[in-house]
Amino acid sequence: MSRKKVTVVGAGFVGATTAQRIVEKQLADVVLIDVVEGMPQGKALDMMQSAAVEGFDTEITGTNNYADTAGSDVIVITAGIARKPGMSRDDLLTTNASIVGGIIEQIVPHSPNAVVIVVTNPLDVMTYLAWKKSGIDPKRVIGMAGVLDSARYACFIAQELNCSIKDVRAMVLGGHGDSMVPVPDYSTVNGVPITQLISAERIEAINTRTRNGGAEIVALLKTGSAYYAPASSVTAMVEAVLLNSNRILPVCAYLTGEYGVDDFYCGVPAALGTTGVQKIIEIKLNDEDKQALQRSASDVLALINKLSLV
Ligand code: TXD
């Protein structure tokens, strides 16, 4: 059986680390593409040489030519500029919109059946734009944010309780911005909601740290943004699609009325498989979280509307 093929667009921090995780897990062969000449080829060759030590049989190649991406099962888009200290994700809007739009036009004709996973910020708007430009079924264009935001939430919960992270399931919904919505009712340690384990005051502090999770790292790095946990999060989505596992993950998905969101993208739980989003999962939220999700969705919509002015 031939192996699956994943193209990662953008061979920067997130793109290269994602490519590394995918080949090391032997999920698929990877094509790494970037505008910078030689750089994706060099990183791919370096990773290929690590196979002798790591022991993986999957292959990675680097290129600057979209013809080499033909027939991909999954396309991951990480190309764009990243935040610098003091910048919000929204500040990246205009530059990244033209980068992502250009990439979609070039790549989709070579892989018309691929599932597209967008990573570039501002995430929800870039995912919407990628779908609009692609003209493909919106179920096959999804964005990565919720898996990362939930992973950050889980990390802080495990640290707070000094418990194993393996026992923590955490959920963050909404847009990938300052108004994202950590959901304590559905965040559990071995099935026990954190509301029974952590004081309301401490939960609020952890929620705030989660919302600022990306900015905290940007402030420390000073020259770029997070990439290890983002790459792990994209890889989890790629794996769910390639294995057709129907894993339920919080993803940026196209909504048609679910959660009161119509005709644009927002972070909600969804089952992922070969066709992309195979099912949106509608869960009951308490009034406070419902309102917070509405606010977050309206922030996304406001930014989408800004985009059409660009
Ligand atoms: O949760 C999430 N969705 C995110 C999003 C988590 C982390 C990072 N997030 C965003 O991903 C971040 O705000 C950026 O918008 C992207 C990529 O972040 P990364 O840290 O990987 O940025 P780099 O290292 O600057 O890499 C970007 C690469 C770089 O190599 C450029 O040469 C390339 O993108 N690039 C392009 N490649 C192909 N085609 C075009 N047009 C292009 N333009 C730039």
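About the cut-offs
Counting starts from 1 at the beginning of each chain's written sequence and moves along it residue by residue. Confidence filtering applies because this is a predicted model: local features only for residues at pLDDT of at least 70, side-chain atom pairs given and counted only at 80 or more, and all residues used for totals across whole chains, interfaces and linings. Heavy atoms from the whole structure form the basis of all side-chain values; hydrogens and water molecules are not counted. A run of H or I in DSSP becomes a helix once it reaches four residues, and a run of E becomes a strand once it reaches two; helices and strands are each numbered from the N terminus. In this scheme, a residue with accessible area under 20% of its type's maximum is buried, one over 50% is exposed, and one in between is partly exposed, where area comes from a 1.4 Å probe on protein chains only. Multiplying one less than the number of residues by 1.5 Å gives the expected span of a helix. This arc describes the spread of directions from the helix axis toward the C-beta atoms. Those domain boundaries reflect an automatic or database domain assignment. We call two residues in contact when some of their heavy atoms are within 4.5 Å. Buried area is calculated as the accessible area (1.4 Å probe) missing from two parts once they are joined, with the contributions of both summed.

### Regarding unusual backbone geometry
Peptide bonds are trans in most cases, and residues, glycine excluded, mostly fall at negative phi. The amide bond that connects Asn 121 to the next residue, Pro 122, takes the cis arrangement and shows omega of -5°. Here Pro 122 lies in the loop between β5 (115-118) and α4 (123-134). In this model, Asn 190 sits at a positive phi of 50°, which is unusual for a non-glycine residue. Tracing the sequence through the fold places Asn 190 in the loop between β10 (188-189) and β11 (192-193). Owing to a relative accessible area of 61%, Asn 190 belongs among the exposed residues under this scheme.

### Regarding helix α2 (residues 39-54)
When the terminal C-alpha atoms of α2 are compared, their 22 Å separation across 16 residues agrees well with the 22 Å that a helix rising 1.5 Å per residue should span. By the burial criterion, the buried members of α2 are Pro 40, Ala 44, Met 47 and Ala 51. Buried residues along α2 cover an arc of 75° about the axis, so they all sit on one side. Those residues of α2 that are exposed and aimed more than 90 degrees away from the buried face are Leu 45, Asp 46, Gln 49, Ala 52 and Val 53. Of the residues flanking the end of α2, it is Gly 55, one or two places downstream, whose phi is positive at about 80°.

### Let's talk about the domain arrangement of the chain
Per the domain assignment, the segments making up the chain are domain 1 (5-143) and domain 2 (146-305). Relative to domain 2, the C-alpha centre of domain 1 lies at a distance of 22 Å. Taken together, the 37 residues of domain 1 in the interface contact 42 residues of domain 2. Both faces combined, the contact of domain 1 with domain 2 buries some 3,300 Å², and carbon together with sulfur accounts for 71% of it. Interface area lost by domain 1 to domain 2 is led by Arg 83, Arg 89 and Asp 124, which between them contribute 19%.

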